[in-house]
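What the coordinates show
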Amino acid sequence: CSFTKKLTSTIQYGRNFKIIDTEDCSWNTSYTNNVVREITGEATEWDLTAIVSEETHMDSYDNYTTEYQGLTILGAGKNDYISPTAGVHFNGASSSNRYIAITPAGSGMLTITAKRAFSNSGALYHSTNSSLSGGSAVSGLNSNSWSNGTINVTAGTTYYLYCSGGGMEIKALKLITK
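A brief structural summary. These numbers were taken from a predicted model, which means no experiment stands behind them. (Residues numbered from 1 in each chain as written. Predicted model: local features only at pLDDT ≥ 70, side-chain atom pairs only at ≥ 80, totals over all residues. Heavy atoms only, no water.)

To continue, consider the overall build of the protein. Summing up its helical and strand segments, the protein has zero helices and 15 strands in all. For the protein, the proportion of its 178 residues judged to be buried stands at 45%. The contacts of the protein with a sequence gap of at least 6 include a subset with a gap of at least 24, amounting to 64%. Accessible surface computed for the protein: about 8900 Å², of which carbon and sulfur atoms make up 44%. (Helix = DSSP H or I, 4+ residues; strand = E, 2+ residues; numbered from the N terminus. Buried < 20%, exposed > 50% of the residue type's maximum accessible area, 1.4 Å probe, protein only. Contact = heavy atoms within 4.5 Å. Areas by Shrake-Rupley, 256 points an atom, 1.4 Å probe, with all protein chains shown as cover.)

In C-alpha cells form, the structure reads like this:
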C-alpha cells in the first residue's frame, strides 16, 4: 500500500516522543482503510535556519561544504546559500554537487521540512549513493509551501537529500529513532 504520514499528535516525555501517524492504504477498490500506528523513540532535530545569522553563500565555505551537528551540507557555489529564513537553499537540480548528508546512529523515521525554491519545478529526493543516483522522491515535498515529508532510515547508512528538476529550500530535519 502507499504510505503517507499525517502527524496527528506529538506527546513529549523528556527526550522521548510518541508520534501518532496515519498509514493510508488504498486498495484496488474505492475503499480506503486508515490504520493508526505509534512510533516511540528519541528525537533529534536540526533547525537549518539556526546555522547562520545572515545569508551565507556556499562559496564562502572550503570546498563549498559545511558541517552542522553531524550533517554535511554541500553546495554548488554562490547561488546556493544558507539563511536564517530559508535554511539551506539549493538554487537548482543536483548532479552530485548539492546535498545534505545524514548518517543516523539509530534506525527510525526522518521528517524533512522543505519547499520548492521556484514556482513550478523541483522535488526533494533521497539516495544512499553519493553520486545521487537511484534515488526516490520524498513524498509531499514538491510544492511551493513549507511541508513535511518522511523517509525511513537505517542506523549507520548515509542518506543524501538532494534536488531534482529545480531548486529546493530545506528548513528542518527531525529524526525519531526507535
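Enumeration according to the criterion identifies one salt bridge in this entry. A salt bridge links R98 to D80; the shortest N-O distance between them is 2.7 Å. Taken together, the residues span a long stretch of sequence, with R98 in the loop between β8 (87-90) and β9 (99-102) and D80 in the loop between β6 (71-74) and β7 (81-83) at a distance of 18 residues. The class for D80 is buried, based on a relative accessible area of 0%. (Salt bridge = Lys/Arg side-chain N within 4 Å of Asp/Glu carboxyl O.)

Right, let's talk about the pairing of strand β10 (residues 108-116) for a bit. Of all the nine residues making up β10, eight are buried; the element is thus mostly covered by neighbouring parts of the structure. Summarising the sheet, β10 and strand β13 (residues 147-153) pair through seven bridges and their orientation is antiparallel. Paired with T111 across the strands is T150, a residue of β13. Here β10 runs beside strand β15 (residues 168-177); their pairing, made up of nine bridges, is antiparallel. Each bridged residue has a counterpart across the sheet, and for I112 the counterpart in β15 is L173. (Pairing = 2+ DSSP bridges.)

Right, let's get into the packing of aromatic side chains. In this structure the tally under the stated criterion is two aromatic pairs. With 5.9 Å between their ring centres and 40 degrees between their planes, Y125 and Y162 make a pair best called tilted. Taken together, the residues Y125 in strand β11 (residues 123-127) and Y162 in strand β14 (residues 159-164) connect sequence positions 37 residues apart. Residue Y125 is classed as partly exposed on the basis of its relative accessible area, which comes to 24%. (Phe/Tyr/Trp six-rings, centres within 6.5 Å; stacked < 30°, edge-to-face > 60°.)

Spatially, β5-β6-β9-β14-β11-β12 is the arrangement adopted by the six strands of the open sheet, whose pairing is antiparallel. Whereas interior strands pair on both sides, the edge strands pair on one side only; in this sheet they are β5 (65-68) and β12 (136-137). Both β9 and β14 contribute to a ladder of three bridges, which runs antiparallel. Each residue of the ladder has a partner; that of I102, found in β14, is Y159.

The next thing to look at is the environment of G106. Here G106 lies in the loop between β9 and β10. Along the backbone, G106 and T157 are 51 residues apart, and their C-alpha atoms lie at a distance of 9.5 Å.

Our focus in this paragraph is the side chain of T111. Mapped onto the elements, T111 comes out in strand β10. A relative accessible area of 18% places T111 in the buried class.

Let us look at unusual backbone geometry. Positive phi, close to 60 degrees, is recorded for Y64, a residue that is not glycine. Counting through the fold element by element, Y64 comes out in the loop between β4 (56-57) and β5. The backbone of L132 shows a phi angle near 60 degrees, a positive value even though the residue is not glycine. Among the structural elements, L132 can be located in the loop between β11 and β12.

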